[in-house]
Amino acid sequence: GYPNAAMYTRMTRSGMIDVLSEDYITATYAKGISRRVVNRKYAFKNALIPLVTMLGNDLGTQLTGAIVIETVFAWPGLGQLAYQAIGNRDYILVQSILLVFATMIAVINLVVDIANSLLDPRITLESEAMPEQQDTFRADAQKQVFHGGRHSGGAPHCPCTGGPWHRPVRPA
């Protein structure tokens, strides 16, 4: 058995209970769709979103646990190599192995995000900031780039003040 199977089962159950109490599930029942179809097609799909996220987190935890497992059982792999590199004080190799582990975890998080967006089309992978927020972000970034956030007046060319272009002012 998997050590977290009870937690996954409990998470799935509570997710299904939450989803089955939603209004759109009641509407599908009102359309005459059978309980089995509603549970499989609509409810379970939405109840899987937290479960997929939790599975991704656990996979990352298992990857980092490879150092202990490979050392204890003398299995060759990145975990044992990391352990030996730490013992030999080979810092460049340790940093390289940590970079590989971090990359694997980032890829796992990307796969989890893609899976969640496939499960629920309302979840998008793009930034959905309001247009006025995007303009504010751009203006703030330009202020930092052009003069460290400090303002000075002038003619109409500076993007932050409408004044003349000026050299960046380094923060004190």
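Preceding this paragraph is the structure being described.
Residues numbered from 1 in each chain as written. Predicted model: local features only at pLDDT ≥ 70, side-chain atom pairs only at ≥ 80, totals over all residues. Heavy atoms only, no water.

**Things to note about the nonpolar core**
Point 1. Y8, L48, I49, L51, V52, M54, I108, V112 and L119 form the largest nonpolar core, which has nine residues in total.
Point 2. Elements that contribute at least two residues to this core include exactly α3 (35-64) and α6 (91-119).
Point 3. Considering every element that reaches this core, the biggest residue donor is α3, with five residues.
Point 4. Membership of the second largest hydrophobic core comes to six residues, among which are M16, V19, I25 and A43. (Core = buried A, V, L, I, M, F, W, Y, C linked by side-chain atoms within 4.5 Å. Buried < 20%, exposed > 50% of the residue type's maximum accessible area, 1.4 Å probe, protein only. Helix = DSSP H or I, 4+ residues; strand = E, 2+ residues; numbered from the N terminus.)

**Examining unusual backbone geometry**
Excluding glycine, residues mostly carry a negative phi; peptide bonds, for their part, are mostly trans.
Point 1. Positive phi outside glycine occurs at A74, with the angle close to 55°.
Point 2. In this model, R89 sits at a positive phi of 55°, which is unusual for a non-glycine residue.
Point 3. Structurally, R89 can be placed in the loop between α5 (78-87) and α6.

**Observations regarding the environment of A82**
Point 1. Following the sequence through the fold, A82 ends up in helix α5.
Point 2. Judged by its relative accessible area of 6%, A82 is buried.
Point 3. Remark: the alpha-carbon pair of A82 and E70, spanning twelve residues in sequence, is separated by 9.9 Å.
Point 4. The residues touching A82, leaving out its near neighbours within four places in the chain, are I67, V94 and I97. (Contact = heavy atoms within 4.5 Å.)

**Structural notes on the packing of aromatic side chains**
Point 1. Scanning the model with the defined rule gives one aromatic pair in all.
Point 2. With a centroid separation of 5.3 Å and an interplanar angle of 25°, the aromatic rings of F73 and W75 are classed as stacked. (Phe/Tyr/Trp six-rings, centres within 6.5 Å; stacked < 30°, edge-to-face > 60°.)

**Some remarks on the side chain of N116**
Point 1. If you trace the backbone, N116 turns up in helix α6.
Point 2. Residues within four places of N116 in sequence aside, it is in contact with I49, V52, T53 and I123.

**Focus on the environment of G15**
Point 1. By the element assignment, G15 lies in helix α1 (residues 5-20).
Point 2. Note on G15: relative accessible area 10%, which makes it buried.
Point 3. A sequence separation of 34 residues divides G15 from I49, and the C-alpha atoms of the two residues are 8.8 Å apart.

**Describing the packing of α3 against α6**
Point 1. Two elements in contact, α3 and α6, have axes whose closest approach is 9 Å; the angle formed by their N-to-C orientations is 170°. Between α3 and α6, the angle falls in the class roughly antiparallel. Residues K45, N46, L48, I49, V52, T53, G56, N57, L59, G60, L63 and T64 of α3 form the contact with α6, whose own contacting residues are F101, M104, I105, I108, N109, V112, A115, N116, L118 and L119.
Point 2. Counted by class, the contact of α3 with α6 contains 13 nonpolar, eight polar and one charged residues. (Axes fitted to C-alpha atoms, helices over the stretch in contact; angles between N-to-C directions. Parallel < 35°, antiparallel > 145°, perpendicular 65-115°, else oblique. Nonpolar A, V, L, I, M, F, W, Y, C, P; charged D, E, K, R; others polar.)

In short, the description is geometric, and any link to function would need to be established separately.
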